[in-house]
Amino acid sequence: MKSRVILSHRERRDKDNNKDIICDYTQIETMERKPFEVERTTTTEDHKPYSAVDGGGSDLTSTVDSFDDEQKKLVYRGWKVMPFIIGNETFEKIGIIGTLSNLLVYLTHVFNLKKYTAATIINAFSGTINFGTFIAAFLCDTYFGRYKTLSVAVIACFLGSFAILLTAAVPGLHPTPCGSKSSCQGPSGGQIAFLLMGLGLLVVGAGGIRPCNLAFGADQFNPKSESGKKGINSFFNWYFFTFTFAQVISLTLVVYIQSNVSWSIGLSIPVGLMFLACVIFFAGHKLYVKVKASGSPLAGIARVIAAAIKKRGLKQVKQPWLELYNHIPRNYANLPLKYTDQFRFLDKAAIKTPEDKLTSDGTASDPWTLCTMQQVEEVKCIVRVIPIWFACAIYYLAISIQMTYPVFQAQQSDTRLGSRGFKIPPATYVVFLMSSMTVFIIIYDRVLVPSLRRVTGLETGITLLQRIGAGIFFAVLSLLVSGFVEERRRSIALTKPTLGMEPRTGEISSMSAMWLIPQLALSGIAEAFAAIGQMEFYYKQFPENMRSFAGSIFYVGAGVSSYLASFLISIVHRSTAHSPSGNWLAEDLNEGKLDYFYFMLTGLLVVNMAYFLLMAKFYRYKVSTDNVISVIETSEEETKQQQQVKNSV
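Residues numbered from 1 in each chain as written. Predicted model: local features only at pLDDT ≥ 70, side-chain atom pairs only at ≥ 80, totals over all residues. Heavy atoms only, no water.

In the annotation of an unreviewed UniProt entry, the entry for the protein chain reads Glucosinolate transporter 1, and the organism field reads Isatis tinctoria. The UniProt entry for the protein chain carries the following text under Subcellular location (unreviewed entry): "Membrane". The UniProt entry for the protein chain carries the following text under Sequence similarities (unreviewed entry): "Belongs to the major facilitator superfamily. Proton-dependent oligopeptide transporter (POT/PTR) (TC 2.A.17) family." (UniProt positions renumbered as here; feature names shortened; annotations may be inferred.)

Here you go:
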C-alpha cells in the first residue's frame, strides 16, 4: 500500500477530456508502507474522523500521519463480528418484512378497510419509513453515531412488531370479522390509533436501521488494509443476499401461515425473530468498532451556499484551480477533488477577499463567508446527483405499484397450483419479483459484465448511469405488460365462467395468476439494474463524510415515489368515480379499468426515461486528485524507462 504526499504544483493534460487540467502538484513522493493488520491495543476504542465542514488543520502530510495514528488505536475484528451483524440483519429483515409484506391483506381482511384506502395507507407508510432514513442519517452523523442509532432502532422494531401482533391477538383491538357479509363494520378510532402506534414504532425502527446497518458493518473492516477492503466488498454481497433471502422467506412461509393458518401465529413469528435480532446485536457490543458522530455535513453545504450568495457580486477568477482558497484541514476525511467548471456560481464561496481573515493555522475565521475549493466541489457533487435522483424517484413509482396492485389481481385470479388444488397466497406473488432480481444479479455479474467488458473496455461492463437507465427501461416494459395482462384477466372474468366469489371484491377470473409472473419478473430485472446501480452510484458520488446520507437518499427517493403513488391512486379514484367508463380503481377489479391505470403510468415513465437520458448526458462523474496522481506516476515511470533505453543506445 502506498501513501502519497503532495508537496506543490504540476500541470498535466487530461487525455480523456482533451482539456488542460491544472493540478496542484510538482513533486510527488511515494513511500512504501506495510498493510496494517494487527492493532496495538486489545480493546475497541471510538474514533472520530475529521470532516471538511468543521475547519481547522494543517497540510496533507500531517493529515496522513494523524489519520494513520488514529487508525492504530482501533481494533478491526472484521469477520469475527459478522455473525452478530449479519445475524441481526437476517432476523431483523425477516421480522420487518414478515410484518409488512402481508399488511395490505391484513388491513382489508382484518381491519375491514377498502382496497384503495389500504393501498393509500401502505404507500404513505412506506414513504414515511423511507423519509425517516434521512432524519436518522442526520441524527446518526451529527449526534449519536451508528451504534447508538441502531440500538434504538432494533428495540423500536421489536416493540412495533409486538404492537401489530396485539391488534390481531386481542379481539378488542380489531373490528368484528366480516365473514361473507357484503358490508362490514370498520375499525374504531381507538383501534386505528393503536395500529398507527405500532406502525409509528416500525417507522422509527426501519428508518434508523436502513441507512446505518450497511455502513456499520463496513466500519468493522480496516479500510487501509487489503484484507479489509476485500472484506468490505464481501460484506456488501452478503448484505444484499440476506436482504433477498429474508424477503423470500417472509413472502412464502410467513405469508402462508398468516393467510392460511392464523394471523396471530403468523405475526408472532416476526416478533420472535425481532427479539432474536436484538439479542444477537447487543451480544457483540464489546467487539464493535463504534464510529463517533463527526458533525453534520449539512452545515458545510449551508456554508457554501450562504457564502456564494453573499459574494454573488464578485467576478470569477481566471484560474480557479490556483486562485481559489483551498486550505487542507487536518485529519481530512474526504478525498481531495479535482476542480470542475460546472456550477461556477458556487466558486465565489472560495474567493478570498481582503475582508476575509484567517486564523493562525490557516483556516477561515468566518466559515460562513469563506469556504475552501474542496467544500465547493463537494457541494457540486451533491448538486449533480439531484437531477439523477429525481428521475430515479419517478422510476420507483413502477416498483411501488407492482408491490400492491398485483396482490389484488391475484385475489381475483386462479391461484391454484397443480392438480391437488394448492393455492398460493396472493401476497406471495411478489416473491417472483425478488426471485427474478436475485437470479438476474448472478447472470449480470457472471455473464453480462464479462461480455460487456470485452466490448466497452470498462471494468464494470457499463457505466453506473447506463445501468440505471437499463433499469428504467425494464420498468417501462413491466408496466406495459401489466396493462395487457390485466386487460386479459378482466376479459376472461367477464366472458367466461368464473371460479367463485372473492369476499367483498368480486368474481374470481379463471385466468391463472401465473400470468402475473412476467410483469413481476421484469420488475425484478429492473431492480437488479436500477436499485443496486443507484446505491453504488450514490455511495461513490457523494463525499466520504456523507456515506450515511448516500445510503438514505436512495430510500428517500423510494419514499417520494410512495407518496406520489398514493397521490395518483387518490386522484385517479376520485376523478374516475363518476366517469362514463367507470371507476378505474374500483373495489371489484372486474368492474374497474386497472389496465388504463397501468398504461397511464407507462406513459409517465416514458417521459421520465427521456428526462433521465438528458440529465445523464450532461453528468460528470466525481474525480479525485488520486486519479490524477496515478496518471502522473505512470507518465513519470514511462519517461524514466524511455530515458534508460535512450542512454543504453
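With respect to the overall build of the protein chain
The number of helices and strands found in the protein chain is 17 helices and eight strands. Taking all 649 residues of the protein chain together, 53% fall into the buried category. In the protein chain, the share of contacts with a sequence separation of at least 24, taken over all contacts with a separation of at least 6, comes to 82%. Summed over its atoms, the accessible surface of the protein chain is roughly 29200 Å², and 62% of this surface lies on carbon and sulfur atoms. (Helix = DSSP H or I, 4+ residues; strand = E, 2+ residues; numbered from the N terminus. Buried < 20%, exposed > 50% of the residue type's maximum accessible area, 1.4 Å probe, protein only. Contact = heavy atoms within 4.5 Å. Areas by Shrake-Rupley, 256 points an atom, 1.4 Å probe, with all protein chains shown as cover.)

Here we look at the nonpolar core
Phe537, Tyr538 and Phe597 are the most contacted members of the largest nonpolar core, which has 130 residues in total. In contact with Phe597, other than residues within four places in its own chain, are Ile401, Leu568, Ile569, Val572, Trp584 and Leu585. One finds Met437, Ile462, Phe529 and Ile532 within the second-largest nonpolar core, a separate group that totals nine residues. (Core = buried A, V, L, I, M, F, W, Y, C linked by side-chain atoms within 4.5 Å.)

Quick notes on the side chain of Asp588
Here Asp588 is to be found in the loop between α15 (547-576) and α16 (594-617). Buried Asp588, no salt bridge; nearest opposite-charge side chain is Arg489, N-O distance 6.1 Å. Reaching out from Asp588, the side chain makes a polar contact with the side chain of Gln412 at a distance of 2.9 Å. Residues within four places of Asp588 in sequence aside, it is in contact with Gln412, Thr505, Gly506 and Glu507. (Lys, Arg positive; Asp, Glu negative; His and termini not counted. Salt bridge = Lys/Arg side-chain N within 4 Å of Asp/Glu carboxyl O. Polar contact = N/O pair within 3.5 Å; in protein donor to acceptor, adjacent residues only side chain to side chain.)

Some words on the packing of helix α4 (residues 115-169) against α15
Packing of α4 against α15 leaves a shortest axis separation of 8 Å and a crossing angle of 160°. Between α4 and α15, the crossing angle belongs to the class labelled roughly antiparallel. Our pair here, α4 against α15, has a crossing hand that is left-handed. When grouped by side-chain class, the residues that make up the contact of α4 with α15 number 16 nonpolar, 13 polar and two charged. (Axes fitted to C-alpha atoms, helices over the stretch in contact; angles between N-to-C directions. Parallel < 35°, antiparallel > 145°, perpendicular 65-115°, else oblique. Left-handed = near helix turned anticlockwise from the far one by under 90°. Nonpolar A, V, L, I, M, F, W, Y, C, P; charged D, E, K, R; others polar.)

Focus: unusual backbone geometry
Unlike most non-glycine residues, Asn112 shows phi in positive territory, near 55°. Looking at the element boundaries, Asn112 is found in the loop between α3 (103-109) and α4.

Quick notes on the environment of Leu159
Structurally, the position occupied by Leu159 is in helix α4. The exposure class of Leu159 is partly exposed, given its relative accessible area of 40%. Placed 46 residues apart in sequence, Leu159 and Gly205 show a C-alpha to C-alpha distance of 9.1 Å.

Re the packing of aromatic side chains
Counted by the stated rule, this structure contains 28 aromatic pairs. Judged by centre distance (6.5 Å) and plane angle (20°), the ring pair of Phe158 and Phe162 falls under stacked. A residue pair is termed a helical-turn pair when its members lie 3 or 4 positions apart in one helix, as Phe158 and Phe162 do in helix α4 at four residues. On the basis of relative accessible area, Phe158 is assigned to the partly exposed category, the value being 22%. A relative accessible area of 39% places Phe162 in the partly exposed class. Ring pairs connect the aromatic residues Phe440, Tyr444, Phe473, Phe474 and Phe529, which therefore count as one cluster. (Phe/Tyr/Trp six-rings, centres within 6.5 Å; stacked < 30°, edge-to-face > 60°.)

Looking at helix α8 (residues 297-310)
In this model α8 runs 20 Å from its N-terminal to its C-terminal C-alpha over 14 residues, within 8% of the 20 Å that 1.5 Å per residue would give. When we look at burial in α8, the residues that qualify are Pro297, Gly300, Ile301, Arg303, Val304, Ala306, Ala307 and Ala308. (Expected span 1.5 Å × (residues − 1).)

What to know about the state of the cysteines
With the rule as written, the count across this model stands at zero disulfides. Cysteine Cys278 is unpaired, with the sulfur of Cys157 as its nearest cysteine sulfur at 8.1 Å. Judged by relative accessible area, Cys278 falls into the buried class, the value being 10%. (Disulfide = S-S within 2.5 Å.)

Observations regarding the pattern of salt bridges
In this structure the tally under the stated criterion is eight salt bridges. A network of salt bridges, in which partner residues are shared, links Arg344, Asp347, Glu377 and Lys380.

Digging into helix α14 (residues 517-541)
The end-to-end C-alpha separation of α14 is 35 Å, in line with the 36 Å expected for 25 residues at 1.5 Å each. By the largest-angle criterion, Glu527 marks the main kink of α14, which is about 30°. (Bend = angle between axes of the 7 residues up to and from the residue.)

As for the confidence of the model for the protein chain
Averaged over all residues, the pLDDT of the protein chain is 77; the fraction at 70 or higher stands at 78%. Taken element by element, the protein chain is modelled with least confidence in strand β4 (residues 28-32), mean pLDDT 34, and with most confidence in α16, mean pLDDT 93. Low pLDDT, under 50, characterises residues 627-639; the predicted model gives this stretch 17 contacts beyond four residues in sequence or across chains. (pLDDT = per-residue confidence, 0-100.)

Structural notes on the environment of Ala558
Looking at where Ala558 falls in the secondary structure, it is placed in helix α15. Residues Ala558 and Ile394 lie 164 residues apart in sequence; the distance between their C-alpha atoms is 8.5 Å. Apart from residues no more than four positions distant in its own chain, Ala558 is found in contact with Asn130 and Tyr396.

Regarding the packing of helix α10 (residues 373-402) against helix α13 (residues 464-495)
Where α10 meets α13, the axes come as close as 10 Å, and the angle between the chain directions of the two elements is 35°. When the axes of α10 and α13 are compared, the crossing they make is left-handed. Contact residues: Ile388, Cys392, Tyr395, Ala398 and Gln402 in α10; Leu465, Ile468, Gly471, Ile472, Ala475, Ser478, Leu479 and Ser482 in α13. Considered class by class, the residues forming the contact of α10 with α13 number nine nonpolar, four polar and no charged.

Brief notes about the environment of Val431
Its location among the elements puts Val431 in helix α12 (residues 431-456). Residue class for Val431 comes out buried when judged on its relative accessible area of 7%.

Regarding a nonpolar patch on the surface
Judged by side-chain polarity, Tyr256, Val261, Ile265, Leu417 and Phe422 come together as a nonpolar surface patch covering roughly 440 Å² of accessible area. Counting through the fold element by element, Ile265 comes out in helix α7 (residues 263-283). The class of Ile265 is partly exposed, set by a relative accessible area of 44%. (Patch = residues over 30% accessible without salt bridge, like charges linked within 9 Å, V, L, I, M, F, W, Y side chains within 5 Å.)

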